[in-house]
Amino acid sequence: MIILGIETSCDDTCCALLEIKRGKFRLIKSIVASQANLHKKYGGVVPEVAARAHVEAMIPVIKEVTGQHRSKIDAIAVASGPGLITSLHVGVETAKALSYAWNVPLVKVNHVEGHIYSPLISRRGLADLKFPAIALVVSGGHTELILMRGPGQYSLLGRTRDDAAGECFDKSAKMLGLPYPGGPQIGKRAKHGNPEAYDIPRPMIDRDDFEFSFSGMKNAIRLLVENMSPPLPNGASLISPLVLRGGLRGNYADSRIPDICASIEQAIIDVLVHKSLKATDKYHPKTFILSGGVSANKKLRKTLKHALPKKTKFLVPDLSYCMDNAAMISVAAYHQAKNKKFTPYYKLTANANWELV
Ligand code: KG4
Ligand code: ZN
């Protein structure tokens, strides 16, 4: 079986071709046309700009990926939510048009489910995922702990009540005058800093549930940055004139930046790891999945891997599949495609708020 995957839920135009032979995956091709440079000057994703860029990139990206395999495609998988509605529409409408024109069935995939399956892209197939499993999905839009009792059987253990962990990385980076996306920028500088240098709160860490809150942490970071004495050379508030003027250059060489970055990174990791272990203690999963853009953070990967019980299999995507991509959409669609759970093209609509559970 060959599944064409399409993903346009945020600011990357993604397309992939996955072959499944006797249950084993082989990624034929995967392209991510990144818009990061377009959005950099705004310090975040501008939905209208993203949608236009998707429209321009979509067909060339699909042509490049499908190439001579066009006639061998058995199913088209598309992420139809959650995400930015204007961006989702481009992928969904393209998938519907292709389904109609090529007479190939459609599978709708939840973007979060795509992230959950992303560690399997470079593995042997679905067999690597043993149930029950727990997934911690951490990205720019999500921080969720999900229990999986079997394929497609999800229950939500807890999620963020406000900002996502990736958003906390991104907004903190913006306050420090670092470019978007902020997670990798903070991670890079954190390596040279002292994680205990600044006291950053770990909201909800002591609560007896699996809920998160990163908005309070973000505010504490804002106060820390705004009250630095002497002020940071390019320290910026959330609506910094520097950011608005697109002037994210500045001097990142201030000697306090690595310590601030290391302290922010540590606070976010502490909360994520603490709640993950609590969920593991309660549900004894056979597999623990860490995925979503923030799973690219090396310290988070390392800390969680070492903290989990040895008997729990730890699955994490290759670095190239942590961020949004379409290979994860194809992998997540496989179970449905195998069971012929298709959606007719005329019934599929994008759903910006589609909750997996
Ligand atoms: O999954 P993703 O590409 O898009 C969403 O679905 O949101 O995740 C993007 C998020 C951004 O917030 C970005 O700052 C964060 O992932 N991120 C990281 C790292 N690489 C990307 N956060 C921390 N450390 C990283 N190395
Ligand atoms: Zn994502």
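All values derive from a computational prediction rather than experimental measurement. (Residues numbered from 1 in each chain as written. Chains lettered and ligands numbered in written order. Predicted model: local features only at pLDDT ≥ 70, side-chain atom pairs only at ≥ 80, totals over all residues. Heavy atoms only, no water.)

Considerations on the packing of helix H5 (residues 165-175) against helix H6 (residues 182-190)
Piece 1. At a closest axis distance of 7 Å, the pairing of H5 and H6 adopts a crossing angle of 70 degrees. Relative to H6, H5 is oriented roughly perpendicular. Contacts from Phe169, Asp170, Ser172 and Ala173 in H5 reach Gly182, Gly183 and Ile186 in H6.
Piece 2. Considering only residue class, the contact of H5 with H6 consists of three nonpolar, three polar and one charged. (Axes fitted to C-alpha atoms, helices over the stretch in contact; angles between N-to-C directions. Helix = DSSP H or I, 4+ residues; strand = E, 2+ residues; numbered from the N terminus. Parallel < 35°, antiparallel > 145°, perpendicular 65-115°, else oblique. Contact = heavy atoms within 4.5 Å. Nonpolar A, V, L, I, M, F, W, Y, C, P; charged D, E, K, R; others polar.)

Focus on the pattern of salt bridges
Piece 1. All chains considered together, the criterion is met by 15 salt bridges.
Piece 2. The partner of Lys218 in a salt bridge is Asp163, with the nearest N and O atoms 2.8 Å apart. Of the two residues, Lys218 sits in helix H7 (residues 215-226) while Asp163 sits in the loop between strand E8 (153-159) and H5, which places them 55 residues apart along the sequence. Of the two residues, Lys218 and Asp163, neither departs from the other in class, the shared state being buried.
Piece 3. In this structure, the salt-bridge partner of Lys278 is Asp208, at a minimum N-O distance of 3.7 Å. Pair noted here: Lys278 is in helix H9 (residues 257-283) and Asp208 is in the loop between H6 and H7, with a separation of 70 residues, a long-range link.
Piece 4. On the basis of relative accessibility, which here comes to 21%, the residue Lys278 falls in the partly exposed class.
Piece 5. In the salt-bridge network here, residues are joined through shared partners; they are Glu144, Arg159 and Glu355. (Salt bridge = Lys/Arg side-chain N within 4 Å of Asp/Glu carboxyl O. Buried < 20%, exposed > 50% of the residue type's maximum accessible area, 1.4 Å probe, protein only.)

With respect to the nonpolar core
Taken as a class, soluble globular proteins show a tendency for nonpolar side chains to be buried jointly.
Piece 1. Counting residues in each nonpolar core, the largest one holds 46 residues, and the members touching the most others are Leu145, Leu176, Phe214, Met217, Ile268 and Leu272.
Piece 2. Looking at this core, the elements that each hand over two or more residues are strand E6 (133-138), strand E7 (143-150), H5, H6, H7, H9, strand E9 (287-291) and helix H10 (298-307).
Piece 3. Counting residues per element, this core draws most heavily on H9, which supplies twelve residues.
Piece 4. Membership of the second largest hydrophobic core comes to 36 residues, among which are Val112, Ile121, Val137 and Ala326. (Core = buried A, V, L, I, M, F, W, Y, C linked by side-chain atoms within 4.5 Å.)

Side note on a positive patch on the surface
Piece 1. A cluster of basic residues, Lys40, Lys188, Lys191 and Lys298, forms a positive patch at the surface.
Piece 2. Looking at the secondary structure, you find Lys191 in the loop between H6 and H7.
Piece 3. The exposure class of Lys191 is exposed, given its relative accessible area of 61%. (Patch = residues over 30% accessible without salt bridge, like charges linked within 9 Å, V, L, I, M, F, W, Y side chains within 5 Å. Areas by Shrake-Rupley, 256 points an atom, 1.4 Å probe, with all protein chains shown as cover. Lys, Arg positive; Asp, Glu negative; His and termini not counted. Charge placed at Lys NZ, Arg CZ, Asp CG, Glu CD.)

Points about the side chain of Thr160
Piece 1. Within the secondary structure layout, Thr160 lies in the loop between E8 and H5.
Piece 2. Side-chain polar atoms of Thr160 contact the backbone nitrogen of Asp162, separated by 3.2 Å.
Piece 3. Within the structure, Thr160 has its side chain in polar contact with the backbone oxygen of Asp163 (distance 2.5 Å).
Piece 4. Here Thr160 is in contact with Thr143, Phe212, Ser213 and Phe214, once residues within four sequence places are set aside. (Polar contact = N/O pair within 3.5 Å; in protein donor to acceptor, adjacent residues only side chain to side chain.)

Here's the deal with the domain arrangement of the protein chain
Piece 1. When the domains of the protein chain are assigned, the result is domain 1 (2-122 + 320-347) and domain 2 (133-316).
Piece 2. Residue-level contacts link 19 residues of domain 1 with 25 residues of domain 2.
Piece 3. Of all residues in domain 1, Ile116, Pro119 and Cys322 bury the most surface against domain 2, accounting for 31% of the area lost on that side.
Piece 4. One can count zero salt bridges joining domain 1 with domain 2.
Piece 5. Applying the counting rule to domain 1 against domain 2 returns three residue pairs in polar contact (both at pLDDT 80 or more).
Piece 6. Broken down by element, the side of domain 1 that touches domain 2 gets its largest block of residues, five residues, from helix H4 (residues 111-117). (Domains from an automatic or database assignment. Buried area = accessible area lost by both parts, 1.4 Å probe.)

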